[in-house]
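# Remarks on the overall topology
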Amino acid sequence: MNKIYYLVIAVAALVSFVSCNNDTDLDHKSIFPDGVDKTTQNEFDLWVDAYNELMGRDFLRQYSPRMIQLIGSAEYKEDSSEVLGTAEGGMKIFLNKVNLLDLKKPDMSVIRFYYIKTMYHEFGHILQQTKNYSTDLNTISTDYQGPSRVNVGDYENGRDTEALEMGFISAYASSEPGEDFVEILSFYVVYGKEYWERMLTLVGEDGAEKMLRKYALIKNYLKTKWEIDIEKLEQIVQRRMEEVPDLELTALD
Ligand SMILES: [Zn+2]
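Every value quoted in this text rests on a predicted model; they were computed, and no experiment measured them. (Residues numbered from 1 in each chain as written. Predicted model: local features only at pLDDT ≥ 70, side-chain atom pairs only at ≥ 80, totals over all residues. Heavy atoms only, no water.)

### What to know about the overall build of the protein
Helix and strand counts for the protein come out as 9 helices and 5 strands. Counting from the amino terminus, helix and strand elements in the protein follow one another as α-α-α-β-β-β-β-β-α-α-α-α-α-α. Going through the 253 residues of the protein one by one, you find that 54% of them count as buried. Summed over all atoms, the accessible surface of the protein reaches about 11600 Å², with 46% contributed by carbon and sulfur. (Helix = DSSP H or I, 4+ residues; strand = E, 2+ residues; numbered from the N terminus. Buried < 20%, exposed > 50% of the residue type's maximum accessible area, 1.4 Å probe, protein only. Areas by Shrake-Rupley, 256 points an atom, 1.4 Å probe, with all protein chains shown as cover.)

The following block contains the structure:
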């Protein structure tokens, strides 16, 4: 369990959720105590350092969740949609399906989708709930689906362009504006600019225009409210993810 604990702490500090629940009461204290620098570093700290590299260490100390709970199995909602993670009050994150992780033969697509993107998604909620974003973002798309988003075709889970054509990066993004926001953020940073631009070629003019307007607002929000340069963050995360297959995961202790 120790190894997975380190993994998730590292991913968490990199800090994302495809499907999640979240509350709005936030606590700005960090999971990382002041003495965190004295703990033994391991190779996975490469991951931790994505936000640290961009923002400096105080940023995550102040805003990262204080507790991460790992659940081995999957979780499903009544509508049969899968919950990859949950954030509670900005303090606690549950990460599901940890048993999928094979440390001896890490599958990068699994790590990227189930863990890294999920953590970035959820940390996106922490940011948006801590500092308000422009309500303009809520009006660009007028066809949010609510729970019916489970019926929307999704590119990442089936190569279906339905959500994209509606102007959403994923089916989950079509549920409501807050999810749309963090899905754009987490897909852009974790799947990368190239993926984002490829999606824009699949969406049709109307969908592309909506996605680009929403992205511009998110980029501006991150810059003006947080001094986060999303382009730089994307570059850092992409570079670090390329290093993951070379890590000796089983050597972590
Ligand atoms: Zn969410």
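### Considerations on the packing of helix 7 (residues 177-200) against helix 9 (residues 230-243)
One way to put it is that helix 7 packs onto helix 9 with a least axis distance of 7 Å and a crossing angle of 50°. Overall, the two elements helix 7 and helix 9 adopt an arrangement that is oblique. For helix 7 against helix 9, the interelement crossing comes out right-handed. Contact residues: Leu185, Tyr188, Val189, Val190, Tyr191, Gly192 and Lys193 in helix 7; Ile230, Glu231, Leu233, Glu234, Val237, Gln238 and Met241 in helix 9. Its residues placed into classes, the contact of helix 7 with helix 9 shows 9 nonpolar, 2 polar and 3 charged. (Axes fitted to C-alpha atoms, helices over the stretch in contact; angles between N-to-C directions. Parallel < 35°, antiparallel > 145°, perpendicular 65-115°, else oblique. Left-handed = near helix turned anticlockwise from the far one by under 90°. Contact = heavy atoms within 4.5 Å. Nonpolar A, V, L, I, M, F, W, Y, C, P; charged D, E, K, R; others polar.)

### What about the pattern of salt bridges?
Counting across every chain of the model gives 9 salt bridges. One salt bridge connects Arg239 with Glu53, and the closest N-O pair in it is separated by 3.0 Å. Note that Arg239 is positioned in helix 9 and Glu53 in helix 2 (residues 45-55), a separation of 186 residues in sequence. One salt bridge in this structure joins Lys117 and Glu183, with 2.7 Å as the shortest N-O distance. You can see Lys117 sitting in helix 4 (residues 108-130) and its partner Glu183 sitting in helix 7, a full 66 residues away along the chain. Of the two residues, Lys117 and Glu183, neither departs from the other in class, the shared state being buried. Sharing partners across several salt bridges, the network here consists of Glu53, Arg239 and Arg240. (Salt bridge = Lys/Arg side-chain N within 4 Å of Asp/Glu carboxyl O.)

That is the geometry; function is a separate question.
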